[in-house]
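Report on the structure
Chain by chain, the residues run as shown.
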Amino acid sequence: MVNFLIFGPPGSGKGTQSVRLAEKFNLTHLSTGDMLRAEIASGTELGKKVSSIMSKGELVPDEVVVEMIANKVDSAKNTAGFLFDGFPRTVAQTVALEKMLNKRGMKIDTMLVLDVDHDELVKRLIARAEVSGRADDKDPAVIENRIDVYKEKTEPIIDYCRNKGIYKPVNGVGSIDDIFDRLSVIVEEVL
Ligand code: B4P
């Protein structure tokens, strides 16, 4: 199995591109954001716990997402590999993911990083708020906080992965089709 991280700031298009990549390459798409929103929508205990954290644009605790992901990895069937979307978001989550994959005879093979400038991110998230109804997209101050949290807690993962030789940056500005083509070229090389 070949495992990919899709990485980038909030609104960089991770979710948008993951759905297409998973379909084209028979990868299992695991989005921690989608999983957490599903918990909130179902009103579970976990959903109640994370709802206020997410609406402020903060990160939910590492152990919560690590456990969710391990369960999904263990239940996946007939897959060419995993596409981790929005996970890991801290260096601690990255180390936990590596350990979890190593235990199962796998590793992180490639980190796809979408590069998008600040103004474009804000424009996309404000546009998405119109349709998503997401609490974390509505308020410009929360969007700025999400970008700050990304810079402080998530971006250091890039250096961690660059040192392992798995970092692949991609221009994330342009049409969704063009960006998909740029990502597909890299995935094809790795698979
Ligand atoms: P996520 O669900 O991961 O969401 P995201 O970062 O907002 O979005 P993404 O980059 O996937 O953007 P999308 O493709 O939708 O996280 C939400 C929250 O969950 C976090 O803030 C945190 O609280 C919590 N969380 C999740 N994972 C966690 C973890 N591991 N640890 C702790 N907390 C965690 O694109 C955005 C918009 O842009 C869309 O409207 C799309 O249509 C548009 N778009 C995409 N590509 C475009 C393009 N090329 N041109 C124009 N528009 C484009």
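The sections below set out a description of the structure shown in this document.

1. What about the site of the ligand?
- Lining the immediate surroundings of the ligand are 29 residues, of which Thr16, Thr32, Glu58, Arg128 and Arg146 lie closest.
- For the ligand, whose unbound accessible area comes to 1000 Å², protein coverage reaches 87%.
- When atom positions are compared with the pocket grids, the ligand is found to occupy the largest pocket.

2. Points about the nonpolar core
- Counting 29 residues, the largest nonpolar core has Leu36, Ile69, Val73, Phe84, Leu97 and Met111 as its most contacted members.
- Mapped by element, the contributors of at least two residues to this core are strand 1 (4-7), helix 2 (32-42), helix 3 (45-55), helix 4 (62-75), strand 3 (81-85), helix 5 (91-103), strand 4 (110-115) and helix 9 (156-162).
- Among the elements that line this core, the one with the most residues is helix 4, at six residues.
- If we skip the residues at most four places from it in the chain, leucine 36 touches Val50, Met54, Val60, Val64, Val65 and Met68.
- Grouped together as the second largest cluster of nonpolar side chains are 15 residues, Val2, Leu27, Leu112 and Val187 included.

3. Examining the pairing of strand 3
- Of all five residues in strand 3, five are buried; the element is thus mostly enclosed.
- Side chains Gly81, Leu83 and Asp85 project from strand 3 onto one buried face, and the interleaved Phe82 and Phe84 project onto a second face that is buried too.
- Sheet analysis places strand 1 next to strand 3, joined by three bridges and oriented parallel. By the bridge assignment, isoleucine 6 is partnered in strand 3 with aspartate 85.
- Judged from the five bridges that link them, strand 2 (residues 27-31) and strand 3 form a sheet pairing that is parallel. Its bridge partner being in strand 3, leucine 27 is matched across the sheet by glycine 81.

4. Considering a negative patch on the surface
- Taken together, the side chains of Glu58, Asp117, Asp119, Glu144, Asp148 and Glu152 present a region of like negative charge at the surface.
- For the negative patch, the element with the highest residue contribution is helix 8 (residues 140-154), accounting for three residues.
- Within the secondary structure, aspartate 119 sits in helix 6 (residues 118-132).
- You can call aspartate 119 exposed: its relative accessible area is 58%.

5. Quick look at the packing of helix 4 against helix 5
- Between helix 4 and helix 5, whose axes approach to 10 Å, the crossing angle comes to 25°. As the angle between them shows, helix 4 and helix 5 are arranged roughly parallel. Note on packing geometry: the crossing formed by helix 4 with helix 5 is right-handed. Across the interface between the two elements, Asp62, Val65, Val66, Ile69, Ala70 and Val73 of helix 4 pack against Ala92, Gln93, Ala96, Leu97 and Met100 of helix 5.
- Taken together, the residues of the contact of helix 4 with helix 5 break down into nine nonpolar, one polar and one charged.

6. Topic: the pattern of salt bridges
- Throughout the structure, instances matching the rule amount to 15 salt bridges.
- Residue lysine 48 pairs with glutamate 45 through a salt bridge whose shortest N-O separation is 3.5 Å. Placement of both lysine 48 and glutamate 45 in helix 3 is noted, with a separation of three residues, approximately one turn of the helix. Neither lysine 48 nor glutamate 45 differs from the other in exposure class; each is exposed.
- A salt bridge links aspartate 159 to arginine 162; the nearest nitrogen and oxygen atoms lie 2.7 Å apart. Of this pair, aspartate 159 and arginine 162 both sit in helix 9, three residues apart, which is roughly one turn of that helix.
- Residue aspartate 159 is classed as partly exposed on the basis of its relative accessible area of 45%.
- Taken together, the salt bridges that share partners define one network made up of Arg128, Arg134, Asp136, Asp137 and Arg146.

Conventions adopted
Residues numbered from 1 in each chain as written. Predicted model: local features only at pLDDT ≥ 70, side-chain atom pairs only at ≥ 80, totals over all residues. Heavy atoms only, no water. Near = heavy atom within 4 Å. Areas by Shrake-Rupley, 256 points an atom, 1.4 Å probe, with all protein chains shown as cover. 1 Å grid on protein atoms, 1.4 Å probe; cavity = no way out; pocket = protein on both sides within 12 Å on 5 of 7 lines; lining within 4 Å. Sits in = over half its atoms within 2 Å of the grid points. Core = buried A, V, L, I, M, F, W, Y, C linked by side-chain atoms within 4.5 Å. Buried < 20%, exposed > 50% of the residue type's maximum accessible area, 1.4 Å probe, protein only. Helix = DSSP H or I, 4+ residues; strand = E, 2+ residues; numbered from the N terminus. Contact = heavy atoms within 4.5 Å. Pairing = 2+ DSSP bridges. Patch = residues over 30% accessible without salt bridge, like charges linked within 9 Å, V, L, I, M, F, W, Y side chains within 5 Å. Salt bridge = Lys/Arg side-chain N within 4 Å of Asp/Glu carboxyl O. Lys, Arg positive; Asp, Glu negative; His and termini not counted. Charge placed at Lys NZ, Arg CZ, Asp CG, Glu CD. Axes fitted to C-alpha atoms, helices over the stretch in contact; angles between N-to-C directions. Parallel < 35°, antiparallel > 145°, perpendicular 65-115°, else oblique. Left-handed = near helix turned anticlockwise from the far one by under 90°. Nonpolar A, V, L, I, M, F, W, Y, C, P; charged D, E, K, R; others polar.

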